[in-house]
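Observations on the model geometry
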Amino acid sequence: LLRAISTLLLLLIVPPALASAPASLNAVVGAGDGILRFTDADYARSDSMEIPAAGWERGPARRGFAFETTGANATTKTLWLRLRFDRRMLPPGPAALYTENNYERIAVLLNGQEIFRNFTEGDRRALGWYRPEIVRLPPALLADGANELLVKIESNYDLVSGDYYLGPAAALDIWHERQ
(Lines give C-alpha, C1' and ligand atoms only; values in the text may rest on other atoms or scores of the structure.)
Protein backbone atom coordinates (compact mmCIF):
# COMPACT_ATOMS: atom_id res chain seq x y z
CA LEU A 1 0.00 0.00 0.00
CA LEU A 2 2.84 2.42 0.87
CA ARG A 3 4.55 1.70 -2.43
CA ALA A 4 1.29 2.40 -4.30
CA ILE A 5 0.83 5.71 -2.46
CA SER A 6 4.47 6.71 -3.11
CA THR A 7 4.13 5.84 -6.79
CA LEU A 8 0.91 7.85 -7.05
CA LEU A 9 2.57 10.85 -5.41
CA LEU A 10 5.53 10.56 -7.77
CA LEU A 11 3.19 10.49 -10.76
CA LEU A 12 1.59 13.70 -9.53
CA ILE A 13 4.91 15.43 -8.79
CA VAL A 14 7.30 14.03 -11.42
CA PRO A 15 6.97 15.22 -15.02
CA PRO A 16 5.82 12.66 -17.64
CA ALA A 17 9.39 12.07 -18.86
CA LEU A 18 10.32 10.59 -15.47
CA ALA A 19 6.91 9.22 -14.50
CA SER A 20 7.38 6.15 -16.66
CA ALA A 21 10.15 4.88 -14.35
CA PRO A 22 9.14 5.54 -10.72
CA ALA A 23 10.25 2.02 -9.75
CA SER A 24 13.89 3.19 -9.94
CA LEU A 25 13.22 5.66 -7.12
CA ASN A 26 13.07 4.36 -3.56
CA ALA A 27 9.79 4.49 -1.65
CA VAL A 28 9.30 7.28 0.89
CA VAL A 29 6.61 8.36 3.34
CA GLY A 30 6.00 11.78 4.83
CA ALA A 31 7.29 12.29 8.37
CA GLY A 32 6.02 15.88 8.86
CA ASP A 33 7.66 19.29 8.31
CA GLY A 34 8.50 18.42 4.68
CA ILE A 35 10.63 15.47 5.82
CA LEU A 36 10.53 12.16 3.95
CA ARG A 37 11.51 8.78 5.41
CA PHE A 38 12.91 6.14 3.09
CA THR A 39 10.94 2.92 3.53
CA ASP A 40 13.14 0.87 1.23
CA ALA A 41 16.68 0.91 -0.13
CA ASP A 42 18.81 -1.00 -2.60
CA TYR A 43 21.50 -3.11 -0.88
CA ALA A 44 24.76 -4.76 -1.85
CA ARG A 45 27.00 -6.49 0.71
CA SER A 46 30.67 -6.66 -0.13
CA ASP A 47 34.13 -7.41 1.22
CA SER A 48 35.45 -4.63 -1.02
CA MET A 49 35.50 -0.90 -0.35
CA GLU A 50 34.58 -0.24 -4.01
CA ILE A 51 31.02 0.56 -5.11
CA PRO A 52 29.50 -2.71 -6.36
CA ALA A 53 28.71 -2.83 -10.08
CA ALA A 54 26.11 -5.58 -9.59
CA GLY A 55 24.32 -7.60 -6.94
CA TRP A 56 21.98 -4.88 -5.70
CA GLU A 57 18.74 -6.02 -4.05
CA ARG A 58 15.79 -3.96 -2.84
CA GLY A 59 14.67 -4.35 0.77
CA PRO A 60 13.50 -2.44 3.85
CA ALA A 61 15.51 0.68 4.69
CA ARG A 62 16.36 -0.67 8.15
CA ARG A 63 18.23 -3.93 7.85
CA GLY A 64 20.84 -5.98 9.67
CA PHE A 65 23.27 -8.73 8.75
CA ALA A 66 24.69 -10.80 11.61
CA PHE A 67 28.47 -11.13 11.85
CA GLU A 68 28.25 -14.90 11.44
CA THR A 69 26.40 -14.62 8.13
CA THR A 70 28.91 -12.15 6.67
CA GLY A 71 31.90 -14.45 7.14
CA ALA A 72 33.20 -14.34 10.72
CA ASN A 73 36.77 -13.18 10.30
CA ALA A 74 38.83 -10.06 10.89
CA THR A 75 38.01 -8.58 7.47
CA THR A 76 36.09 -5.33 7.51
CA LYS A 77 32.68 -5.94 5.99
CA THR A 78 30.90 -3.36 3.86
CA LEU A 79 27.20 -2.81 3.29
CA TRP A 80 26.24 -0.41 0.51
CA LEU A 81 22.82 1.26 0.42
CA ARG A 82 21.48 3.14 -2.57
CA LEU A 83 18.74 5.70 -1.94
CA ARG A 84 17.28 7.31 -5.05
CA PHE A 85 15.00 10.32 -4.84
CA ASP A 86 13.71 13.20 -6.92
CA ARG A 87 14.73 16.68 -5.68
CA ARG A 88 11.32 18.03 -6.67
CA MET A 89 9.77 15.94 -3.86
CA LEU A 90 11.41 18.29 -1.34
CA PRO A 91 10.60 21.89 -0.51
CA PRO A 92 12.92 24.54 -1.97
CA GLY A 93 15.99 25.48 0.07
CA PRO A 94 18.89 23.67 1.72
CA ALA A 95 18.37 19.91 2.06
CA ALA A 96 19.93 17.33 4.34
CA LEU A 97 19.98 13.63 5.11
CA TYR A 98 19.39 12.55 8.71
CA THR A 99 20.34 9.02 9.67
CA GLU A 100 20.45 7.10 12.92
CA ASN A 101 20.94 3.55 14.18
CA ASN A 102 23.72 2.63 11.73
CA TYR A 103 26.23 0.20 13.12
CA GLU A 104 29.75 1.55 13.04
CA ARG A 105 31.39 3.62 10.33
CA ILE A 106 29.46 5.34 7.55
CA ALA A 107 30.35 7.40 4.49
CA VAL A 108 27.77 9.15 2.28
CA LEU A 109 28.11 9.92 -1.42
CA LEU A 110 25.75 12.19 -3.38
CA ASN A 111 25.66 11.55 -7.12
CA GLY A 112 29.08 9.87 -6.92
CA GLN A 113 30.85 12.45 -4.73
CA GLU A 114 31.71 11.73 -1.11
CA ILE A 115 30.11 14.38 1.11
CA PHE A 116 30.38 12.87 4.61
CA ARG A 117 32.11 10.28 6.75
CA ASN A 118 32.16 9.72 10.50
CA PHE A 119 35.63 8.16 10.59
CA THR A 120 39.16 8.59 9.33
CA GLU A 121 40.24 6.21 6.55
CA GLY A 122 41.96 3.19 8.01
CA ASP A 123 40.65 3.87 11.52
CA ARG A 124 39.55 0.51 12.94
CA ARG A 125 37.86 1.94 16.03
CA ALA A 126 34.09 1.75 16.16
CA LEU A 127 33.02 5.39 16.08
CA GLY A 128 29.45 5.34 14.78
CA TRP A 129 27.56 2.88 16.93
CA TYR A 130 23.99 4.02 16.32
CA ARG A 131 24.79 7.73 16.73
CA PRO A 132 22.51 10.06 14.75
CA GLU A 133 24.21 11.97 11.94
CA ILE A 134 23.05 14.90 9.83
CA VAL A 135 24.55 15.32 6.38
CA ARG A 136 24.12 18.52 4.38
CA LEU A 137 23.45 17.93 0.69
CA PRO A 138 25.61 20.39 -1.27
CA PRO A 139 23.32 22.32 -3.66
CA ALA A 140 25.96 22.17 -6.42
CA LEU A 141 25.77 18.35 -6.41
CA LEU A 142 21.95 18.11 -6.35
CA ALA A 143 20.27 17.55 -9.68
CA ASP A 144 16.86 19.14 -10.28
CA GLY A 145 15.35 15.67 -10.87
CA ALA A 146 16.66 12.23 -9.91
CA ASN A 147 19.52 11.99 -7.39
CA GLU A 148 21.37 9.08 -5.83
CA LEU A 149 22.68 8.81 -2.29
CA LEU A 150 25.07 5.95 -1.56
CA VAL A 151 25.72 5.04 2.07
CA LYS A 152 28.73 2.86 2.79
CA ILE A 153 28.54 1.13 6.17
CA GLU A 154 31.77 -0.52 7.32
CA SER A 155 32.08 -2.82 10.30
CA ASN A 156 34.28 -5.51 11.76
CA TYR A 157 31.14 -6.91 13.38
CA ASP A 158 27.46 -6.92 12.37
CA LEU A 159 26.34 -4.77 9.44
CA VAL A 160 23.29 -2.70 10.36
CA SER A 161 21.63 0.07 8.36
CA GLY A 162 19.33 2.39 10.26
CA ASP A 163 16.70 4.93 9.37
CA TYR A 164 17.13 7.55 6.63
CA TYR A 165 15.23 10.83 6.44
CA LEU A 166 15.52 13.46 3.73
CA GLY A 167 14.21 16.98 3.96
CA PRO A 168 14.77 20.64 4.76
CA ALA A 169 18.06 21.11 6.59
CA ALA A 170 16.49 23.41 9.23
CA ALA A 171 13.81 20.85 10.16
CA LEU A 172 16.35 18.02 10.33
CA ASP A 173 18.68 20.19 12.46
CA ILE A 174 15.90 20.32 15.07
CA TRP A 175 15.57 16.52 14.98
CA HIS A 176 19.33 16.15 15.35
CA GLU A 177 19.51 18.55 18.29
CA ARG A 178 16.88 16.50 20.15
CA GLN A 179 19.02 13.35 20.03
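This write-up is about the structure you can find in this document.

Cut-offs and rules
- Each residue is numbered by its place in its chain's sequence as written, counting from 1.
- Totals for whole chains, interfaces and linings use every residue, but because this is a predicted model, local features are given only for residues with pLDDT of at least 70 and side-chain atom pairs only at 80 or more, for both listing and counting.
- Processing note: side-chain calculations cover all non-hydrogen atoms of the structure and skip hydrogens and water entirely.
- Think of it this way: any DSSP run of H or I at least four residues long counts as a helix, any run of E at least two long counts as a strand, and we number them from the N terminus.
- Relative accessible area decides the class of each residue, using a 1.4 Å probe on protein chains only: under 20% of the type maximum gives buried, over 50% gives exposed, and in between gives partly exposed.
- It is the directions from the helix axis to the C-beta atoms that the arc portrays.
- The contact rule is simple, with two residues in contact once any of their heavy atoms fall within 4.5 Å.
- What we call a nonpolar core is a set of buried Ala, Val, Leu, Ile, Met, Phe, Trp, Tyr and Cys residues that are connected through their side-chain atoms within 4.5 Å.
- Here is the rule: rings of Phe, Tyr and Trp (six-membered ring for Trp) pair when centre to centre is within 6.5 Å. Planes less than 30 degrees apart are stacked, more than 60 are edge-to-face, and the remainder are tilted.
- Any Lys or Arg side-chain nitrogen found within 4 Å of a carboxyl oxygen on Asp or Glu counts as a salt bridge.

Take unusual backbone geometry next. Phi is positive for D33, which is not a glycine, with a value near 55°. Among the secondary structure elements, D33 is positioned in the loop between β1 (28-30) and β2 (36-38). On the basis of relative accessible area, D33 is assigned to the exposed category, the value being 63%. Residues other than glycine seldom take positive phi values, yet N111 does so here, at roughly 50°.

Of all the residues in helix α3 (residues 169-178), the buried ones are A169, A171 and L172. One side of α3 holds all its buried residues, which, seen down the axis, span an arc of 160°. Along α3, exposed side chains directed more than 90 degrees from the buried face belong to A170, E177 and R178. Where the residues of α3 are buried, they touch β7 (95-100), β10 (133-137) and β13 (163-168).

Attention shifts here to the nonpolar core. Counting residues in hydrophobic clusters, the biggest one holds 27 residues, and the most contacted among them are L137 and L149. For this core, the secondary-structure elements that each account for two or more residues are β2, β3 (40-46), β6 (77-86), β7, β8 (105-110), β10, β11 (146-155) and β13. Counting residues per element, this core draws most heavily on β6, which supplies four residues.

Turning next to the packing of aromatic side chains. The tally for this structure, following the rule as stated, stands at three aromatic pairs. Pairing Y98 with Y165 gives two aromatic rings, centres 6.1 Å apart and planes at 55°, and the pair type is tilted. Of this pair, Y98 sits in strand β7 while Y165 sits in strand β13, and the two are 67 residues apart along the sequence. For the pair Y98 and W175, a centre-to-centre distance of 5.9 Å together with 90° between the ring planes defines the contact as edge-to-face. Here the residue Y98 occupies a position in strand β7, and W175 occupies one in helix α3, the gap between them amounting to 77 residues. Grouped by ring-pair contacts, the aromatic residues Y98, Y165 and W175 constitute a single cluster.

To continue, consider the pattern of salt bridges. Counting across every chain of the model gives eight salt bridges. The shortest N-O distance in the salt bridge between R84 and E148 comes to 3.1 Å. Of this pair, R84 sits in strand β6 while E148 sits in strand β11; the two residues are 64 residues apart in sequence, bridging distant segments of the chain. Relative accessible area serves as the criterion here: at 22%, E148 is assigned to the partly exposed category. For the salt bridge of R88 with D86, the shortest nitrogen-to-oxygen distance reads 2.7 Å. The exposure class of D86 is buried, given its relative accessible area of 1%. Salt bridges here are not isolated pairs; linked through shared partners, they connect D42, R58 and R82.

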